[in-house]
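So the chains spell out like this:
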Amino acid sequence: MDIKKTYATILEGLKLGGRGQLKLTREDTLELHQALKTAIEQAKTGTKSSNQELEEILCILSHDQNYSQEFTPELIKILEQDFSKEILVYTLSALVRHDIQANQRQGERIKEETLKILQKLLDHTDPEVVEWCLRTIDELGNQGLYFLAKLKSIKPNRLSGVFNQHKRNVVEIIEMLERKWSSYGKK
């Protein structure tokens, strides 16, 4: 698999108004899994090229039509480390596909490890990371109730979002989740 070429194909598909979706073969998945492991190790050095490669791999994972839970340990490893907000956001997108949706398709609950790392990310200093973490939590359905107390403790007031779109989105997503989850208790 040529990662750079696949990444460019996805971007081109997105620019043309498509979804950039692709279907990886089993061989592609195995190769991409190994490349992800290597990219994580190299990205720890912090070089621009290693971070770019990690972003390309995460983009491919986010646009894969398949669900491959074997990527979950590496995705969690990325979320546990101090990577740029861009890499964290891309990783959350890949986590939705290859962990959350994969578990849901199999009728399984989301693992505690995933819930704990999402809870930790809710305390991130960058509001964009918090916003995308909340969007990820929204994908959990009623299992998102796990975060109810945490959301109440981190919910910013409406005025904090006046000058920052991501803070405004955080407030709106938390309020939407609270409304959605309040209906679970009424049944």
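To keep things clear, this report deals only with the structure shown in the data block.

Thresholds, definitions, all that
Residues numbered from 1 in each chain as written. Predicted model: local features only at pLDDT ≥ 70, side-chain atom pairs only at ≥ 80, totals over all residues. Heavy atoms only, no water. Core = buried A, V, L, I, M, F, W, Y, C linked by side-chain atoms within 4.5 Å. Buried < 20%, exposed > 50% of the residue type's maximum accessible area, 1.4 Å probe, protein only. Helix = DSSP H or I, 4+ residues; strand = E, 2+ residues; numbered from the N terminus. Contact = heavy atoms within 4.5 Å. Salt bridge = Lys/Arg side-chain N within 4 Å of Asp/Glu carboxyl O. Axes fitted to C-alpha atoms, helices over the stretch in contact; angles between N-to-C directions. Parallel < 35°, antiparallel > 145°, perpendicular 65-115°, else oblique. Left-handed = near helix turned anticlockwise from the far one by under 90°. Nonpolar A, V, L, I, M, F, W, Y, C, P; charged D, E, K, R; others polar.

1. Some details on the nonpolar core
Reasoning step 1: Membership of the largest hydrophobic core comes to 50 residues, with the highest contact counts inside it found for Leu36 and Leu54.
Reasoning step 2: No other element matches helix H5 (residues 85–105), which puts seven residues into this core.
Reasoning step 3: Setting aside residues no more than four positions away along its own chain, Leu36 makes contact with Leu54, Ile57, Leu58, Leu61, Phe71, Glu74, Leu75 and Ile78.

2. Topic: the pattern of salt bridges
Reasoning step 1: One pass over the full model with this rule turns up ten salt bridges.
Reasoning step 2: Among the salt bridges present, the one from Arg26 reaches Glu70, with a minimum N-O distance of 2.8 Å. You can see Arg26 sitting in helix H2 (residues 26–43) and its partner Glu70 sitting in the loop between helix H3 (48–63) and helix H4 (72–80), a full 44 residues away along the chain.
Reasoning step 3: With relative accessibility at 47%, the residue Arg26 sits in the partly exposed group.

3. Section: the packing of H4 against helix H6 (residues 112–121)
Each pair of packed helices gets described by two things: the angle between the helix axes and the distance between those axes.
Reasoning step 1: Relative orientation of the contacting elements H4 and H6 amounts to 25°, with a least axis distance of 10 Å. When the axes of H4 and H6 are compared, the pair comes out roughly parallel. Like other packed secondary-structure pairs, H4 and H6 cross with a definite hand, here left-handed. Only Glu113, Thr114, Ile117, Lys120 and Leu121 of H6 make contact with H4, whose side of the interface consists of Thr72, Ile76, Leu79 and Glu80.
Reasoning step 2: Class assignment for the residues of the contact of H4 with H6 results in four nonpolar, two polar and three charged.

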